[in-house]
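What the coordinates show
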Amino acid sequence: MVESANRLGEYLRARRELVRPEDVGLPTVGRRRVPGLRREELALLAGISSDYYLRLEQGRDRHPSAQVLDSLARVLRLDDDATAHLHRLARPTPRRRHQRRPERVPAGIQQLVMSWTRNPAFVQGRYMDVLFANPLAIALSPLCRPGVNVVRALFLDPEIHEAHGSETATAGVVAALRALVGPDVEDPPLAELVGELSVKSERFRRLWARHDVKPKAGSGTSTFQHPQVGPLELSYEKLAVTGTEGQLLVVYHAVPGSPAEQALALLSGLAGDVGGAGDSGNSGGAEQSGRSSRSGSGAAGREPSPNGWLRS
C-alpha cells in the first residue's frame, strides 16, 4: 500500500470518515452517500470555510495554523497522541534522503541484556524487528526471538496470530507502528513491510487505512501462558536506546517473592540447559532481521520448547 505525499490530507480524510454525525451532535436524516462527516460539516464545526478545508484535504494548502489544527482535532475527536501526530504531519521535519544502514544494537546494550539472567530482555528496532535478545526472553516467547518482526508475526504467523492476535492486539500494534515512524511513511523498509502486509492481510490493510496513532505504553503488565512453567504475570519497561534511530530496550520483571518470580527462575534454568540461545541475537540488526522475518516468522514460533505465549 503506497501512500501519496499528501499525508495531511490523507489523515484528515481517514479520520473524518470515522466520525459519525451523531458523535458531534448532528442529526442524521435520510441516507448518506459518504461514511462519517461530510467535508462541509467538518469545516462548519471547526469554524473554517468549506473551501479552505477542501484545499487542506486535497493538499493544495499545506500550512494550516496551529489553531486550525487544534479545531480540526477537536471535531475529529483526536486524543493527545493523535493531535500531536496531526501537527507533525502539517509541519514535517525535513529529512535528508540517504540509504538507511542496517540497525545495529550498541555493544554496551548487548552486554547489558546478556548480563540479565533473571530478566527477559530484548531490543526492538524502528519497525518492531527484534534485533537482540537474551536466552530468557527467547525461552519466554517466540515473539522475542531475534529476526522476528512483531507486526508481521502477529498478522501472518498462524500460531502467533491464534495465540494473541486479538482485535485489540492487532489494532494496537498497527497504531504503535504509526506512532513509531511518524510522518516518515516513505522509508523503504516501512513501505516494504506495509506493502507485504497489505497484500496478505485484509485486517492489516483496513487498520492501516484508519491512520490510528497510539504509542505503546512505556510500562505495564503482560501475562504469559508458558507450556513448561505455567502462567507468568510480568511487568515490563520500555527504554529508549540513545544514539539509535528508534530502538527500544524492553525488560520484563516479576514482583519479588511472587509465583512469577519463581517461574522465571525455573525458566532461566531451562534456558541455560538449551545452551546459549541468546547468542543468536547479533549486532547485524535489520538486515538479518528482515530476512528472517520474511522467510519464516512462523518457524520461530514453532521451534522446539522452551517457548511461550503472550495472553494479554
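What you see is a predicted model; the values in this text were computed from it and never measured. (Residues numbered from 1 in each chain as written. Predicted model: local features only at pLDDT ≥ 70, side-chain atom pairs only at ≥ 80, totals over all residues. Heavy atoms only, no water.)

On to the pattern of salt bridges, then. Enumeration over the complete set of coordinates arrives at 14 salt bridges. A salt bridge links Arg20 to Glu22; the shortest N-O distance between them is 3.9 Å. In this structure Arg20 comes out as partly exposed when scored by relative accessible area, which is 47%. Assessed through its relative accessible area of 44%, Glu22 is described here as partly exposed. Measuring nitrogen to oxygen at the nearest pair gives 2.6 Å for the salt bridge that ties Arg55 to Asp51. You can see Arg55 and its partner Asp51 sitting in helix α3 (residues 50-58), four residues apart, about one turn around the helix. (Salt bridge = Lys/Arg side-chain N within 4 Å of Asp/Glu carboxyl O. Buried < 20%, exposed > 50% of the residue type's maximum accessible area, 1.4 Å probe, protein only. Helix = DSSP H or I, 4+ residues; strand = E, 2+ residues; numbered from the N terminus.)

Located in the positive-phi region is Met128, a residue other than glycine, with phi close to 70°. Secondary-structure assignment places Met128 in the loop between β1 (121-124) and β2 (130-133). We note that His211 has phi near 60°; this positive angle belongs to a residue other than glycine. Mapped onto the fold, His211 is located in the loop between α12 (202-210) and β3 (219-226).

All told, the structure shown has four aromatic pairs when counted by the stated rule. Centre to centre, the rings of Phe155 and Phe204 are 5.4 Å apart; their planes meet at 85°, and the pair counts as edge-to-face. Of this pair, Phe155 sits in helix α8 (residues 150-156) while Phe204 sits in helix α12, and the two are 49 residues apart along the sequence. Site record: aromatic cluster; members linked through ring pairs are Phe155, Phe204 and Trp208. One Lys or Arg, Arg178, reaches over the ring of Trp208 and ends 3.7 Å from the middle of that ring. (Phe/Tyr/Trp six-rings, centres within 6.5 Å; stacked < 30°, edge-to-face > 60°. Lys NZ or Arg CZ within 6 Å of the ring centre and 35° of its normal.)

Phe155 and Leu234 are the most contacted members of the largest nonpolar core, which has 45 residues in total. In contact with Phe155, not counting residues within four places along its chain, are His161, Thr170, Val173, Val174, Leu197, Ser201, Arg203, Phe204 and Leu207. (Core = buried A, V, L, I, M, F, W, Y, C linked by side-chain atoms within 4.5 Å. Contact = heavy atoms within 4.5 Å.)

In this section: the confidence of the model for the chain. Of the residues in the chain, 83% have a pLDDT of 70 or more, and the chain-wide mean is 83. Here residues 275-312 is a poorly scored stretch, pLDDT under 50, and it has 104 contacts once near neighbours within four places are set aside; other chains count. (pLDDT = per-residue confidence, 0-100.)

Moving on to helix α1 (residues 7-16). Across the ten residues that make up α1, a large majority, nine, are buried. All buried positions along α1 are accounted for by Arg7, Leu8, Gly9, Glu10, Tyr11, Leu12, Ala14, Arg15 and Arg16. On the buried face of α1, the contacting elements are α2 (39-46), α3, α4 (66-75), α5 (80-90) and α12.

Attention now moves to the side chain of Thr83. Here Thr83 lies in helix α5. The class for Thr83 is buried, based on a relative accessible area of 16%. Contact partners of Thr83, with chain neighbours within four places excluded, come to Asp70, Ala73 and Leu78.

Residue placement: Asn149 occurs in the loop between α7 (135-140) and α8. For Asn149, a relative accessible area of 1% puts it in the buried group. At a separation of 2.8 Å, a polar atom in the side chain of Asn149 contacts the main-chain amide nitrogen of Arg152. (Polar contact = N/O pair within 3.5 Å; in protein donor to acceptor, adjacent residues only side chain to side chain.)

On to the packing of α2 against α4. Geometrically, a packed helix pair is captured by the angle between its two axes and the distance between the axes. Their axes nearest at 9 Å, the elements α2 and α4 cross at an angle of 115°. α2 and α4 meet at a crossing whose hand is right-handed. Here α2 contributes Leu42, Leu45 and Ala46 to the contact with α4, which in turn contributes Ser71, Leu72, Arg74 and Val75. In terms of residue class, the contact of α2 with α4 is built from five nonpolar, one polar and one charged. (Axes fitted to C-alpha atoms, helices over the stretch in contact; angles between N-to-C directions. Left-handed = near helix turned anticlockwise from the far one by under 90°. Nonpolar A, V, L, I, M, F, W, Y, C, P; charged D, E, K, R; others polar.)

Attention now goes to helix α6 (residues 107-115). For α6, the set of buried residues is Ile109, Gln110 and Val113. Buried residues of α6, viewed axially, fall in a sector of 105°; they line one side. Summarising the geometry of α6, the exposed residues directed more than 90 degrees from the buried face are Ala107 and Gln111. Buried residues belonging to α6 abut β1, β2 and β5 (248-253). (Arc of directions from axis to C-beta.)

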